[in-house]
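Survey of secondary and tertiary structure
Chain by chain, the residues run as shown.
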Amino acid sequence: MKATDRLNQVLDDVARAEKDAGREPGSVTVVAVSKTFGAEAIAPVIDAGQRIFGENRVQEAQAKWPALRERTPDVELHLIGPLQSNKAGDAVALFDVIETVDRDKIARVLAAEMEKQQRRPRLYVQVNTGSEPQKAGIEPTEVVRFVDACRTDHGLTIEGLMCIPPIDENPGPHFALLEKLAREAGVTGLSMGMSADFESAISFGATSIRVGSAIFGPRSKAPV
Ligand SMILES: *Cc1c(COP(=O)(O)O)cnc(C)c1O
């Protein structure tokens, strides 16, 4: 199947999940995750009408997206992978949304870069809902404090929360936890759900889903 056919299938599935959950049609944003895929695979998906894309590495995105954006200036690019502070300037320059704000230092460096560049990507805080030692993200118990600190200490507006549930668990409880934490922290965006579980995420209130392989097909390189 072609990526454009798979995209239409995903959009149909999203529409049905919105309806089943009693959500407004179009209330869920589909972020097409194009990591590991080259411009030749991405361009047809742009031409099919998709405008919002996610990448997990700053350098990879810098290599692919400036040329694609020249063709289609209204593309919106999301950073969904871990951000090192020495890449924060590049990330602020390139991305429209940074979904992986996960520690005080990165909040501080992003605030300084946004001031310097006078460019303000929208921001999400990544939450480690499964408290997995190897995974990035703020601990659930620290989310309210951290979102407040982003606002009061760094002057940042946080649009929402993002999570990647543990690979071997039912994601539902993690989606429910993220939704509860967002309410407690006073933010409305919920970036949750991937190819395997976006319909479940939509039923738990996802406002944004990150879908890679269901659109682009299997990745040959392991995600980093
Ligand atoms: C790769 C990736 C995705 C997409 O995963 P699929 O299972 O291919 O849909 C979503 N979110 C993050 C953070 C990712 O790194």
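This section reports on the structure supplied with the text.

**As for the packing of aromatic side chains**
Considering all chains together, one arrives at three aromatic pairs under this definition. Residues Phe37 and Phe216 carry aromatic rings whose centres are separated by 5.2 Å and whose planes lie at 25° to one another, so their mutual orientation is stacked. Pair noted here: Phe37 is in the loop between strand E1 (29-33) and helix H2 (39-47) and Phe216 is in helix H9 (residues 213-216), with a separation of 179 residues, a long-range link. Of the residues examined, Phe216 reaches a relative accessible area of 6% and is grouped as buried. Summarising the aromatic geometry, the rings of Phe175 and Phe204 are spaced 6.2 Å apart at their centres and angled 55° between planes, so their arrangement reads as tilted. Taken together, the positions of Phe175 in helix H7 (residues 172-185) and Phe204 in the loop between helix H8 (198-203) and strand E8 (208-211) put the pair 29 residues apart, joining distant regions of the chain.

**A word on helix H1 (residues 3-20)**
The α-helix advances 3.6 residues per turn, and as a result positions three or four apart in sequence lie on the same side. If you check H1, its first and last C-alpha atoms are 25 Å apart, about what 18 residues at 1.5 Å a residue would give, namely 26 Å. All buried positions along H1 are accounted for by Ala3, Thr4, Arg6, Leu7, Val10, Asp13, Val14, Ala17 and Glu18. Turning to H1, the residues buried within the fold contact E1, H2, H8, E8 and H9. One or two residues past the end of H1 sits Gly22, with phi positive at roughly 70°.

**What about unusual backbone geometry?**
Phi at Gln118 takes a positive value of approximately 50°, unusual for a residue other than glycine. In this fold, Gln118 is placed in the loop between helix H5 (104-117) and strand E5 (122-127). Unusually for a residue other than glycine, Ser131 sits at a positive phi of about 45°. Position of Ser131 among the secondary structure elements: in the loop between E5 and helix H6 (143-154).

**Considering the layout of surface pockets**
It is a probe the size of a water molecule, rolled over the atoms, that shows where empty space is left. Quantified by volume, the second largest pocket comes out at close to 240 Å³. If you trace the second largest pocket, you find 11 residues lining it, with Asn56, Arg57, Val58, Pro82 and Gln84 closest to the centre. Here the element with the most residues in the lining of the second largest pocket is helix H3 (residues 58-71); it accounts for three residues.

**Some points on the site of the ligand**
All residues in the neighbourhood of the ligand are listed as Val33, Lys35, Ile80, Met162, Ile164, Met194, Ser195, Arg210, Val211, Gly212, Ser213 and Arg219. With respect to the ligand, the side chain of Arg210 contributes an N or O atom lying 2.9 Å from a nitrogen atom. Within the contact set of the ligand, an oxygen atom lies 2.8 Å away from a backbone nitrogen or oxygen of Ser213. In the complex, the protein chains occlude 89% of the 390 Å² of accessible area that the ligand would expose alone. Tallied by class, residues from the shell around the ligand come to six nonpolar, three polar and three charged.

**Side note on the pattern of salt bridges**
Taken as a whole and judged by the stated rule, the model has 17 salt bridges. The partner of Lys135 in a salt bridge is Glu132, with the nearest N and O atoms 2.8 Å apart. Its relative accessible area of 21% is what places Lys135 among the partly exposed residues. For Glu132, a relative accessible area of 14% gives the class buried. Taking the shortest distance from any N to any O, the salt bridge between Arg145 and Glu142 comes out at 2.7 Å. Ionic contacts of the salt-bridge type, sharing partners, join the residues Glu55, Glu60 and Lys64 into one network.

Reading the values: rules and limits
- Residues numbered from 1 in each chain as written.
- Predicted model: local features only at pLDDT ≥ 70, side-chain atom pairs only at ≥ 80, totals over all residues.
- Heavy atoms only, no water.
- Phe/Tyr/Trp six-rings, centres within 6.5 Å; stacked < 30°, edge-to-face > 60°.
- Helix = DSSP H or I, 4+ residues; strand = E, 2+ residues; numbered from the N terminus.
- Buried < 20%, exposed > 50% of the residue type's maximum accessible area, 1.4 Å probe, protein only.
- Expected span 1.5 Å × (residues − 1).
- Contact = heavy atoms within 4.5 Å.
- 1 Å grid on protein atoms, 1.4 Å probe; cavity = no way out; pocket = protein on both sides within 12 Å on 5 of 7 lines; lining within 4 Å.
- Points joined across faces, edges and corners; volume = space filled by probe spheres on them.
- Near = heavy atom within 4 Å.
- Polar contact = N/O pair within 3.5 Å; in protein donor to acceptor, adjacent residues only side chain to side chain.
- Areas by Shrake-Rupley, 256 points an atom, 1.4 Å probe, with all protein chains shown as cover.
- Nonpolar A, V, L, I, M, F, W, Y, C, P; charged D, E, K, R; others polar.
- Salt bridge = Lys/Arg side-chain N within 4 Å of Asp/Glu carboxyl O.

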